[in-house]
Structure formats: structure tokens, C-alpha cells
Amino acid sequence: MYMSNYLISIPKDEPVNSGIIHDLSSKLKVKAFNLIKSKFTPSKGEVQYFVTAGKRILAFETRGFRKHRQLLVLQMISAYCVYLGLIEAQIHSTLPY
């Protein structure tokens, strides 16, 4: 799926909440993890964010992060949440429980 400047790819064998967001201009990637259905282990050198929306909890982790791209990462996560219909989503810098 193509959304604004982002391409969202979801493998056929993965749940819809576990995809990769690609920024076409910077080549930055952000991986989404459904924390209820999959295991998430943070990678060193990458940035993680967490989203809560009702009973859903998602983790997001960058692939190829550069410090000056923090706002871009948040925009990518926001676009992904809109794609999933998670209008009430809240983005956290730490796991909120």
C-alpha cells in the first residue's frame, strides 16, 4: 500500500499489524510488531516507539536510524496507525506498562 510518501508492506504470512513502513525519499524503514501476537526484542542502535490503541499494543523499531530523523519516524508511525484505522492511537517512547 502506498500512503503519501510511505510504502507499507505486509508479508502474506504476517498479521496486518506486523508490517514495514518505507520512506521512499530517505530509504528509512520502520518495522511494526504486534506485541500481543509476536515477540519483540529491541535491537541495539535503533529507536523504538510503542503505540497503544484500545487493547492493541504495537512496537515500532527503526532500521537504519539517523538522529535527525526522529520526526520522520513519528510521522511514519502516525501514517501506519491511520492506515490501520487506529485513530485513538497514542505514541509512547517507552512501553507504557
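Presented here is an overview of the structure given in this document. (Residues numbered from 1 in each chain as written. Predicted model: local features only at pLDDT ≥ 70, side-chain atom pairs only at ≥ 80, totals over all residues. Heavy atoms only, no water.)

Before going further, it helps to examine helix α1 (residues 70-84). With 15 residues, α1 should cover 21 Å at 1.5 Å per step; its first-to-last C-alpha distance of 21 Å lies within 8% of that length. Along α1, the residues that are buried comprise Leu 72, Val 73, Met 76, Ile 77, Ala 79, Tyr 80, Cys 81 and Leu 84. Of the residues trailing α1, Gly 85 is marked for its positive phi of about 80°. (Helix = DSSP H or I, 4+ residues; strand = E, 2+ residues; numbered from the N terminus. Expected span 1.5 Å × (residues − 1). Buried < 20%, exposed > 50% of the residue type's maximum accessible area, 1.4 Å probe, protein only.)

With that settled, consider the pairing of strand β2 (residues 6-9). Every other side chain in a regular strand lies on the same face of the sheet, so the side chains alternate between the two faces. Residues Tyr 6 and Ile 8 line the buried face of β2, whereas the alternating positions Leu 7 and Ser 9 sit on a face that is not buried. In the sheet, β2 pairs with strand β3 (residues 20-23) via four bridges, with the strands oriented antiparallel. Each residue of the ladder has a partner; that of Ser 9, found in β3, is Ile 20. (Pairing = 2+ DSSP bridges.)

Time to look at the nonpolar core. Here is a general trend for soluble globular proteins: nonpolar side chains tend to be buried in one another's company. By size, the foremost hydrophobic cluster in this structure holds 22 residues, and its most contacted members are Ile 21, Val 30, Phe 60, Val 73, Met 76, Ile 77 and Tyr 80. Of all the secondary structure elements, the ones that give two or more residues to this core are β2, β4 (29-34), β5 (48-53), β6 (56-63) and α1. Here this core takes eight residues from α1, the largest share from any one element. (Core = buried A, V, L, I, M, F, W, Y, C linked by side-chain atoms within 4.5 Å.)

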